[in-house]
Amino acid sequence: NANDSLDTELLTIDKADVAFFTEETDIKRSLDYAIENNTVEVFFQPIVDSQTGKYVGAEALARIKNSEGKILSPSAFIPIAEKNGKINQLGKQMFKKCCDLVSAASFKELGLSFININLSPIQFLRNDLEQSLSSFIHESGIGSDFIHLEITEEAMIDDYQMQRQISSLTELGFKFVLDDYGVGYSNIVRLRNTPFINIKLDMSLVWDYCKNPGTILPTEIEAFKKCGFEITAEGIETAQMAKIMRDIGCNYLQGYYYSKPIPYEEFIEKCKEQK
Ligand code: C2E
Ligand code: MG
Ligand code: MG
Ligand code: MG
């Protein structure tokens, strides 16, 4: 039995390793459990229009609970899921739940225009991606243009298979958002002819600029907007940061200043309050 062999293994390793070992094992078990039992939860973090401060969309973020009911951070379980391939099932579960929730609460009537869903580059290694995403869309009855797919730059450009999938998803009506801009090698020249409609500035870039304005960021944003991209700033934690990023041209803002990622019911309440 798996538990017995695990206990024997634990006895043979150094005490200092135990905390890490058990933690990683706990994360793996919780991940498997959540996937098998369809209990991956969708949390929503609002995205606001920088001019009005009103909610216009949200990012869907995955949450799972461990055996003690504690919520685990995606930065702990997503890399594991990517390594062992479970990200495919997790990604599908997130996508399906998201479409169903959007449809059930008629997000449009709550004043929202889009929901951003993160896709891992690993999901593009499967050739059933387009098929499964479009069937979830059809089952829920929402429009594919309501779903914005967030991918990071590692997931794009150079891979032919992935480019082909991105074009066919674009033809199906999905929109693409470049996540975490500023931590990799992307720049305006590389991004010019890509299907992205929106570029999300990574939190680190936003924080650096707010601490130390006077870099080329405003020039970069202006150039991006001339090429037709909209800009979202992540990691907005204060009113002052919101003002700074709005003033340099960001269209959308997201961060703890507006709300942390929250469960569906709470998110719906907040949407109604601020409408
Ligand atoms: P991300 O896609 O860049 O998501 C933004 C992360 O920044 C979220 O962390 C969010 O809670 C956090 N954040 C937003 N505003 C603030 C702020 O003002 N201050 C601070 N300190 N943090 C802020 P979270 O939910 O822990 O997710 C971490 C990463 O895990 C995500 O980064 C994304 O790469 C990945 N992830 C989450 N859910 C999914 C999913 O369903 N599928 C895939 N493939 N990846 C996911
Ligand atoms: Mg994201
Ligand atoms: Mg991001
Ligand atoms: Mg990130």
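Everything numeric here is computed off the predicted structure, so don't read it as measured data.

Reading guide: rules and limits
Residues numbered from 1 in each chain as written. Chains lettered and ligands numbered in written order. Predicted model: local features only at pLDDT ≥ 70, side-chain atom pairs only at ≥ 80, totals over all residues. Heavy atoms only, no water. Near = heavy atom within 4 Å. Polar contact = N/O pair within 3.5 Å; in protein donor to acceptor, adjacent residues only side chain to side chain. Areas by Shrake-Rupley, 256 points an atom, 1.4 Å probe, with all protein chains shown as cover. Helix = DSSP H or I, 4+ residues; strand = E, 2+ residues; numbered from the N terminus. Nonpolar A, V, L, I, M, F, W, Y, C, P; charged D, E, K, R; others polar. Buried < 20%, exposed > 50% of the residue type's maximum accessible area, 1.4 Å probe, protein only. Arc of directions from axis to C-beta.

Asker: What am I meant to see in the site of ligand 1 here?
Answerer: Around ligand 1, the structure places 24 residues, and the nearest of them are E59, R63, D179, E237 and Y256. The separation between a nitrogen atom of ligand 1 and a polar side-chain atom of Q45 is 3.1 Å. Within the side chain of D179, one N or O atom sits 2.9 Å away from an oxygen atom of ligand 1. Look at ligand 1: alone it shows 810 Å² of surface, and the protein chains cover 84% of it. Among the elements of the structure, strand 2 (55–65), helix 3 (74–84), helix 4 (87–104), strand 6 (175–181) and helix 8 (203–211) are those that each provide at least two residues to the shell around ligand 1. In terms of residues, the shell around ligand 1 owes the most to one element, strand 2, which gives 4 residues. Of the residues assigned to the shell around ligand 1, the class counts are 12 nonpolar, 5 polar and 7 charged.

Asker: Explain helix 8 to me, please; I cannot follow it from the model alone.
Answerer: In an α-helix, one turn spans 3.6 residues, which is why side chains three or four residues apart end up on the same side. For helix 8, every residue scored as buried is listed here: V206, Y209 and C210. The arc enclosing the buried residues of helix 8, seen along the axis, measures out at 100°, which places them on a common side.

Asker: Any chance you could explain unusual backbone geometry here in plain terms?
Answerer: Where the residue is not glycine, phi is negative for most of them; where a peptide bond is considered, it is trans in most cases. A positive phi is found at N38, a non-glycine position, where the angle reads about 60°. Within the secondary structure layout, N38 lies in the loop between helix 2 (15–36) and strand 1 (41–49). Overall, N38 belongs to the partly exposed group, its relative accessible area being 46%. With a phi angle near 60°, D180 is a residue other than glycine that sits in the positive phi range. With respect to the helices and strands, D180 occurs in strand 6.

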